[in-house]
Amino acid sequence: MKVVSVSTSKRVEFIDITSRIEEIIIKDKINKGLCFIFCPHTTAGLTINENADPSVRKDIIEQLEDMVPSDKSYSHSEGNADSHVKASLMGSSLNVIIEDSSLKLGTWQGIYFCEFDGPRKRQVYVKLVDC
Amino acid sequence: MKVVSVSTSKRVEFIDITSRIEEIIIKDKINKGLCFIFCPHTTAGLTINENADPSVRKDIIEQLEDMVPSDKSYSHSEGNADSHVKASLMGSSLNVIIEDSSLKLGTWQGIYFCEFDGPRKRQVYVKLVDC
Amino acid sequence: MKVVSVSTSKRVEFIDITSRIEEIIIKDKINKGLCFIFCPHTTAGLTINENADPSVRKDIIEQLEDMVPSDKSYSHSEGNADSHVKASLMGSSLNVIIEDSSLKLGTWQGIYFCEFDGPRKRQVYVKLVDC
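Undergrad: Can you help me understand the overall build of chain A in this one?
TA: When helices and strands are tallied, chain A shows 3 helices and 8 strands. Each helix (α) and strand (β) of chain A, taken in turn from the N terminus, gives the series β-β-α-β-β-α-α-β-β-β-β. Against the 2.2 N^0.38 benchmark of 14 Å for 131 residues, chain A shows a C-alpha radius of gyration of 15 Å, consistent with a compact globule. Buried residues in chain A amount to 62% of all 131 residues. Of the contacts formed within chain A by residues at least 6 apart in sequence, a portion of 82% connects residues at least 24 apart. Summed over all atoms, the accessible surface of chain A reaches about 5,100 Å², with 46% contributed by carbon and sulfur.

Next comes the structure, spelled out in structure tokens:
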């Protein structure tokens, strides 16, 4: 297992970690296989979406806020109840196929770490399987 | 890795791809193992849900539209911002266990390709692991 | 493949199944590898979220109800259309890395079976891979 460290600078922010994962694949010399990505935090998640126009990330963040308002009254008293809900909506685990020593993503896809309660120092776990 | 081609005929549409994946398992003679399914598009996703009553798909599609309206004003200017949000809500990757040369799904489960910005020609990546 | 049986006692309820999965890892003597978890039901799902303050689960459940009301009129006539939508929002499959014979979760993470149409007798499929 490898660990990718991520530093977030806002309360809510999507950070592209695709190249960080590609580096591990190159270093580990995995030509063909599977890449498992895991977010070990309960107020952050993972998603795959557009890597070109940054307004797509803005729209996803704003729409999640619209659906799960941060300023609503919740039971959990730490002021980050919305962050927990948003983390479960995005999810904690992903798997991507590896071919030709590269993640087999679509042309417009990037892998995003979804911070919902930053700024914080975060980690992403990555496990590669040669198969 | 195998590729399943999917042609969608509407803007939003859930297409059952279960039998297409089962065919690959039979052809590859995988008796026991894991099936990894990946959607390489940013305005489409994957989900597993009811394969019997088609009204369930209709309800999921309508409820997603209720939560993420297509006619709202978004930053992304291509008219498909809602499609990107819906894709992230459904997710891009799935894994299903294989036993007896068959997907180990529940009785009422089908695997759906979720088109949110069709009609288009789409692809789904499938990787099988014998284990 | 191993099966974890879960008995739910309410219509909507999140049940921590982490220790049940850890038991399988110990019994199967998997030191390093991957754990694949699958929910074979269409009105239930899986999520990973906070294992400490139970109010987080309460907030997720109430927020999902706010987004997908159970008392709305839907096409599906079994009175559980909202349960199907919520199941797709949480998702059916998860993967977690195994290290030192233990799930490599974050400190505050637990794995939850998300019942959306209980009370029922349910199952969760678990497959471990030594790698």
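Undergrad: Please explain the side chain of C:Arg122 as it appears in this structure.
TA: All names here are of chain C. With respect to the helices and strands, the residue Arg-122 is situated in strand S8 (residues 121–130). Judged by relative accessible area, which is 4%, Arg-122 ranks as buried. Here His-41 takes part through its side chain, which lies 3.3 Å from a polar atom of the side chain of Arg-122. Within the local environment of Arg-122, its side chain forms a polar contact with the side chain of Thr-43, the two groups lying 2.9 Å apart. Leave out the neighbours within four places in its chain, and Arg-122 touches Val-4, Ser-5, Val-6, Thr-8, His-41, Thr-43, Ala-44, Phe-113, Glu-115 and Asp-117.

Undergrad: Explanation requested: the interface of chain A and chain B in the structure shown.
TA: In this complex, chain A contributes 31 residues to the contact, which on the side of chain B involves 28 residues. Interface area for chain A against chain B, summed over the two sides, is near 2,400 Å², with a carbon-plus-sulfur share of 57%. A:Asp66 is paired through a salt bridge with B:Lys72; the nearest N and O atoms lie 3.7 Å apart. Where chain A packs against chain B, one counts 15 residue pairs in polar contact (both at pLDDT 80 or more).

Undergrad: What exactly am I supposed to notice about the interface of chain C and chain B here?
TA: By a widely used convention, the size of an interface equals the accessible area lost when the partners come together. Facing 28 residues of chain C, the contacting portion of chain B comprises 31 residues. Roughly 2,400 Å² of surface becomes buried between chain C and chain B when both sides are summed, with 57% attributable to carbon and sulfur atoms. Connecting chain C to chain B are 1 salt bridge. Run the count over chain C and chain B and you get 15 residue pairs in polar contact (both at pLDDT 80 or more). Mapped onto the side of chain C that touches chain B, the elements with two or more residues apiece are strand S3 (33–38), helix H3 (81–90), strand S5 (93–99) and S8 of chain C.

Undergrad: What am I meant to see in the sheet that holds strand S8 (residues 121–130) of chain B here?
TA: All names here are of chain B. With antiparallel pairing, the 5 strands of this open sheet are ordered in space as S1-S8-S3-S5-S6. Strand pairing shows two members of the sheet lacking a second neighbour, strand S1 (2–7) and strand S6 (102–103), which therefore form its edges. In terms of strand pairing, S1 meets S8 through 6 bridges, oriented antiparallel. Note that in S8 the partner of Val-6 across the bridge is Arg-122.

Undergrad: Got a minute to help me understand the relation of the copies chain A and chain B in this structure?
TA: Superposition of the two copies of the chain requires a rotation about an axis and a shift along the axis. Superposition of chain A onto chain B requires a rotation of 120° combined with a translation of 0.0 Å along the rotation axis, giving an RMSD of 0.0 Å. The transformation relating the two chain copies, once decomposed into turn and shift, fits a three-fold axis. No C-alpha of chain A approaches the rotation axis more nearly than that of A:Leu89, which lies at 3.5 Å. The overlap is low: 16% of the interface residues of chain A also sit at the interface in chain B, so different surfaces are used on the two sides.

Undergrad: Mind showing me how you'd approach the relation of the copies chain C and chain B here?
TA: Note on the identical chains: chain C maps onto chain B by a rotation of 120° and an axial translation of 0.0 Å, with an RMSD of 0.0 Å. Take the interface residues of chain C: only 18% of them recur as interface residues in chain B, which is what a contact between different surfaces looks like.

Undergrad: For this particular structure, what's the right way to read the pattern of salt bridges?
TA: Working definition: two side chains of opposite charge can pair if their charged atoms are close together. With the rule as written, the count across this model stands at 24 salt bridges over all chains. Taking the shortest distance from any N to any O, the salt bridge between A:Asp117 and A:Arg120 comes out at 2.4 Å. With a closest N to O distance of 2.7 Å, B:Arg122 and B:Glu115 form a salt bridge. An identical accessibility class is assigned to B:Arg122 and B:Glu115; each is buried.

Basis of the calculations
Residues numbered from 1 in each chain as written. Chains lettered and ligands numbered in written order. Predicted model: local features only at pLDDT ≥ 70, side-chain atom pairs only at ≥ 80, totals over all residues. Heavy atoms only, no water. Helix = DSSP H or I, 4+ residues; strand = E, 2+ residues; numbered from the N terminus. Rg over C-alpha atoms; globule rule 2.2 N^0.38 Å. Buried < 20%, exposed > 50% of the residue type's maximum accessible area, 1.4 Å probe, protein only. Contact = heavy atoms within 4.5 Å. Areas by Shrake-Rupley, 256 points an atom, 1.4 Å probe, with all protein chains shown as cover. Polar contact = N/O pair within 3.5 Å; in protein donor to acceptor, adjacent residues only side chain to side chain. Buried area = accessible area lost by both parts, 1.4 Å probe. Salt bridge = Lys/Arg side-chain N within 4 Å of Asp/Glu carboxyl O. Pairing = 2+ DSSP bridges. Least-squares fit on C-alpha atoms with pLDDT ≥ 70 in both.

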